[in-house]
Amino acid sequence: MSDITSEKSGKSLLGWSLGDWNQAYRNGANASELLNALRAEVHQQESCNGVLKEGSVWIELASEQQLGAQLIQLQQLLDAADGDMQALPLYGVPFAVKDNIDVAGFATTAACPEFAYEPPADATVVRLLRNAGAIVLGKTNLDQFATGLVGSRSPYGAVANPFNENYISGGSSSGSAVAVARGYVPFSLGTDTAGSGRIPAGFNHIVGLKASKGALSTQGVVPACRSLDCVSVFALNTLDAERIFALAAQFDAQDAYSRPVGNPPLKTIRRLAVPAEMPWFGDDVQQAAFTAALAKAESLGFELITTDFSPLSELAALLYQGPWVAERYAAVGEFIQQDLPGINPVVKSIIAGGNSGTAVQAFNAEYRRMELLREIQQLFQGFDALLVPTAPCFPTLAEVEAEPVKVNSQLGTYTNFVNLADLCAIALPANLRSDGLPFGITVIAPAFSENALLTFAAHWQAALRLPQAPVLLGARDDESVVVAVVGAHLTGMPLNHQLTSRDAILLEQTLSAKKYQLYALANTVPPKPGLVRINDALLNSGSETGHQIIVELWRMDVAAFGSFVAEIPQPLGIGTLELADGRLVKGFICEPEAVASATHISGFGGWRAYIAHLKSQSGN
């Protein structure tokens, strides 16, 4: 357990979410004190005798001077905003950047020391986040030139999995993922050409958002396959990933592949397709974890169907077996042909293979890609999204070392096709395997379906209520409670400030189990409802009717929850509330005696509809 704390907040800095950092600053914390304390602790954990360890998360951790320069820039941003911290939504929030993405003031190496250069400016996505107040804590380790899904092809050392150091952390964005899992930063940037923003998320129990091609600018990113490359976002939770995406997804005229996100209609994901045939490469534990995840999805009300996966598998094979490897050669091929000690031999052999194709082969592959794309588009007519395991197996470092190309290819089974097919995806924690390693699922949808994916992800995470990676790894305690509110505390209602002032986070709107009745209590200011659970015997006999009532779920710290409960007047209180999907959460309940003088309003389905009815009746 880390002993780094903020004197203002009294909480450990490791494992903080965006909300935790925002709250600390609203409470008066000093950015310089917090960030220097965080940097010192991270340096202590990641270095030996003052030098970063072999296989560290970091290729370059911000020095005190680099951090100080950013803090000066942060103050300048705050001064330009007339001291309004709300104008800087990421004020003082630390983040990590994969070291193939340019950050002014830091070298870019792409995990090759001889390739290193000093960029004159930030990559566009980094600039947008820094302009919002974020602070770069450092540049992270990766599979060299972003070529790999394993996280072990780096002259700076393989980044081991924090859950079990004998296993891989996944790549190529290994350092960025582990930096979030260990709680060093609340979010980080990776890149994703063939799954590098998803495989590490699945192996480290975090969220990995691979947005649509062009949604996040790749200007200032060392290319892997320039026509397919994406900047990805790692975060502890879906809401944080959504906030970063909203800030970073800006059209960039300087990037020839940038595309405007616009305002696509919000789609609801209810029907999920699962591959009819699924290889597991001998990993029975991974297969069992996916079976459990499918059962959970069905229990949450999602419809599962099977689909022919062969067009997607064929498209995936084109990425490394077809001419797209030539794009890697176009990016760094001439450099990598040099006999330099820092060049990884496996990476060199893969990229060098891109020089052997012909233009005819390239066009024939593109023709076949478009034919497969039409088949895939037709497949998606029958469902809302694909549901797949993020990876079909979870290899050890020794297994990767023994067969580096074969194992890497296996890992791309459910990732390699996504960018070729112009799809977007989100990787999510699903559960822990029977051996204690993380298991993750990925949901894949057509381009610019990010809002639908994020909505699904928020519901999924709220339903599973899994501890976040830093909690599982002992970096911080789980200090949150989920509370269901039904009346005056709903969004936009008079008492909602009692939640927002405590930095509670809205998770979702959902329904109670069909076991409750809602009443408008008499003589309450502001008007409040009472939610009463009906005895099972009365429900079964038919003498009383249960209703599903609309509720909102909010997450807040345990300390904030205590003061929140203290403000609740009789006859209301907090008890255990059953939701429609069977989850049990803390929620508002009412003493049955209070309903004698109350009005039964269950027929409205929720408090908001009842208030709207009253307003319409009064003409107000």
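Residues numbered from 1 in each chain as written. Predicted model: local features only at pLDDT ≥ 70, side-chain atom pairs only at ≥ 80, totals over all residues. Heavy atoms only, no water.

Quick look at the nonpolar core
Core analysis: the biggest nonpolar cluster contains 101 residues, and Val126, Phe187, Leu216, Ile441 and Val443 have the highest contact counts within it. Considering each element in turn, this core owes the most residues, eight residues, to helix 16 (residues 450-464). Among residues more than four places away in sequence, those in contact with Leu216 are Val125, Ala211, Val231, Val233, Phe245, Ala248 and Ala249. Counting residues in each nonpolar core, the second largest holds 42 residues, with Leu499, Ala560, Ile568 and Ile611 among its members. (Core = buried A, V, L, I, M, F, W, Y, C linked by side-chain atoms within 4.5 Å. Buried < 20%, exposed > 50% of the residue type's maximum accessible area, 1.4 Å probe, protein only. Helix = DSSP H or I, 4+ residues; strand = E, 2+ residues; numbered from the N terminus. Contact = heavy atoms within 4.5 Å.)

Section: the sheet that holds strand 19 (residues 529-533)
The strands making up a sheet are joined through hydrogen bonds of the backbone, oriented either antiparallel or parallel. Spatial strand order, 19-18-23: three strands in an open sheet with antiparallel pairing. Every interior strand has two partners, whereas the edge strands, strand 19 and strand 23 (599-600), have only one. Relative to strand 23, strand 18 (residues 516-520) is paired through two bridges, and the arrangement is antiparallel. Residue pairing for strand 23: Ala520 is matched across the bridge by Thr599. (Pairing = 2+ DSSP bridges.)

Here we look at the pattern of salt bridges
One pass over the structure, following the stated rule, counts 17 salt bridges. Across the pair Asp99 and Lys139 runs a salt bridge, and its minimum N-O distance is 2.7 Å. Highlighted residues: Asp99 in the loop between strand 4 (94-98) and helix 4 (124-131) and Lys139 in strand 5 (residues 135-140), separated in sequence by 40 residues. Residues Asp99 and Lys139 agree in their burial class; the two are buried. Note that Arg259 is salt-bridged to Asp422, the shortest N-O span being 2.8 Å. Of the two residues, Arg259 is situated in the loop between helix 7 (238-248) and strand 11 (271-275) and Asp422 in the loop between helix 15 (417-420) and strand 14 (423-432); the sequence distance between them amounts to 163 residues. The class of Arg259 is partly exposed, set by a relative accessible area of 26%. (Salt bridge = Lys/Arg side-chain N within 4 Å of Asp/Glu carboxyl O.)

With respect to the sheet that holds strand 22 (residues 584-590)
In spatial order, the strands read 17-20-16-22-21; together these five strands make up an open sheet with mixed pairing. Since the sheet does not close on itself, it has two edges, and those belong to strand 17 (505-511) and strand 21 (572-578), each with one partner. If you compare each strand with its neighbour and ignore which way they point, the axes differ by 35 degrees on average. Here strand 17 runs beside strand 20 (residues 550-557); their pairing, made up of six bridges, is antiparallel. Residue pairing across strands places Ile505 opposite Arg555, the latter belonging to strand 20. (Axes fitted to C-alpha atoms, helices over the stretch in contact; angles between N-to-C directions.)

Some words on the pairing of strand 5
Burial analysis of strand 5 places six of its six residues in the buried class, the great majority of the element. Sheet analysis places strand 3 (residues 58-61) next to strand 5, joined by three bridges and oriented antiparallel. Looking at the pairing, Leu61 lines up with Gly138 of strand 5. Sheet analysis places strand 4 next to strand 5, joined by five bridges and oriented parallel.

Let's talk about the environment of Ala522
Looking at where Ala522 falls in the secondary structure, it is placed in the loop between strand 18 and strand 19. Here the alpha-carbon distance between Ala522 and Ala594, two residues 72 residues apart in the chain, equals 8.6 Å.

With respect to unusual backbone geometry
Cis peptide bonds are those with omega within 30 degrees of zero, and the linkage from Gly171 to Ser172 qualifies with 5 degrees. Looking at where Ser172 falls in the secondary structure, it is placed in the loop between strand 7 (164-168) and helix 5 (174-181). A positive phi angle is found at Asn523, which is not glycine, with a value near 60 degrees. You can see Asn523 is positioned in the loop between strand 18 and strand 19.

Examining the packing of aromatic side chains
Across all of its chains, the model carries 22 aromatic pairs by this definition. Ring centres of Phe115 and Phe145 lie 5.1 Å apart, and the angle between their planes is 85 degrees; on these two criteria the pair is classed as edge-to-face. Taken together, the residues span a long stretch of sequence, with Phe115 in the loop between strand 4 and helix 4 and Phe145 in the loop between strand 5 and strand 6 (160-161) at a distance of 30 residues. Assigned by exposure class, Phe115 and Phe145 land together as buried. One aromatic cluster is present, formed by Trp16, Trp21, Tyr25 and Tyr91 through successive ring pairs. The aromatic ring of Phe302 is capped on one face by Arg270, whose charged end is 4.4 Å from the ring centroid. (Phe/Tyr/Trp six-rings, centres within 6.5 Å; stacked < 30°, edge-to-face > 60°. Lys NZ or Arg CZ within 6 Å of the ring centre and 35° of its normal.)

A short note on the packing of helix 8 (residues 284-299) against helix 16
As a packed pair, helix 8 and helix 16 sit with axes 11 Å apart at the nearest point and diverge in direction by 100 degrees. With respect to helix 16, the element helix 8 is oriented roughly perpendicular. Here Ala293, Lys296 and Ala297 of helix 8 come into contact with helix 16, specifically with Trp460, Ala463 and Leu464. Looking at the contact of helix 8 with helix 16 residue by residue, the classes come out as five nonpolar, no polar and one charged. (Parallel < 35°, antiparallel > 145°, perpendicular 65-115°, else oblique. Nonpolar A, V, L, I, M, F, W, Y, C, P; charged D, E, K, R; others polar.)

A few points about helix 14 (residues 404-411)
Every α-helix carries 3.6 residues per turn, so stepping three or four residues along brings you back to the same face. If you check which residues of helix 14 are buried, you get Val407, Asn408, Gln410 and Leu411. End-on view of helix 14: buried residues confined to an arc of 160 degrees, all on one side of the axis. Buried residues along helix 14 sit against strand 7, helix 6 (199-204) and helix 13 (397-402). (Arc of directions from axis to C-beta.)

Points about the side chain of Gln66
Here Gln66 lies in helix 3 (residues 64-80). Polar side-chain contacts of Gln66 include one of 2.9 Å to the backbone oxygen of Gly105. (Polar contact = N/O pair within 3.5 Å; in protein donor to acceptor, adjacent residues only side chain to side chain.)

Section: the environment of Phe290
Tracing the backbone shows Phe290 in helix 8. The exposure class assigned to Phe290 is buried, which follows from its relative accessible area of 2%.

Observations regarding the side chain of Ser47
Following the sequence through the fold, Ser47 ends up in strand 1 (residues 47-48). One polar contact links the side chain of Ser47 to the main-chain carbonyl oxygen of His43, over a distance of 2.5 Å. Setting aside residues up to four positions removed in sequence, Ser47 forms contacts with Leu52 and Lys53.

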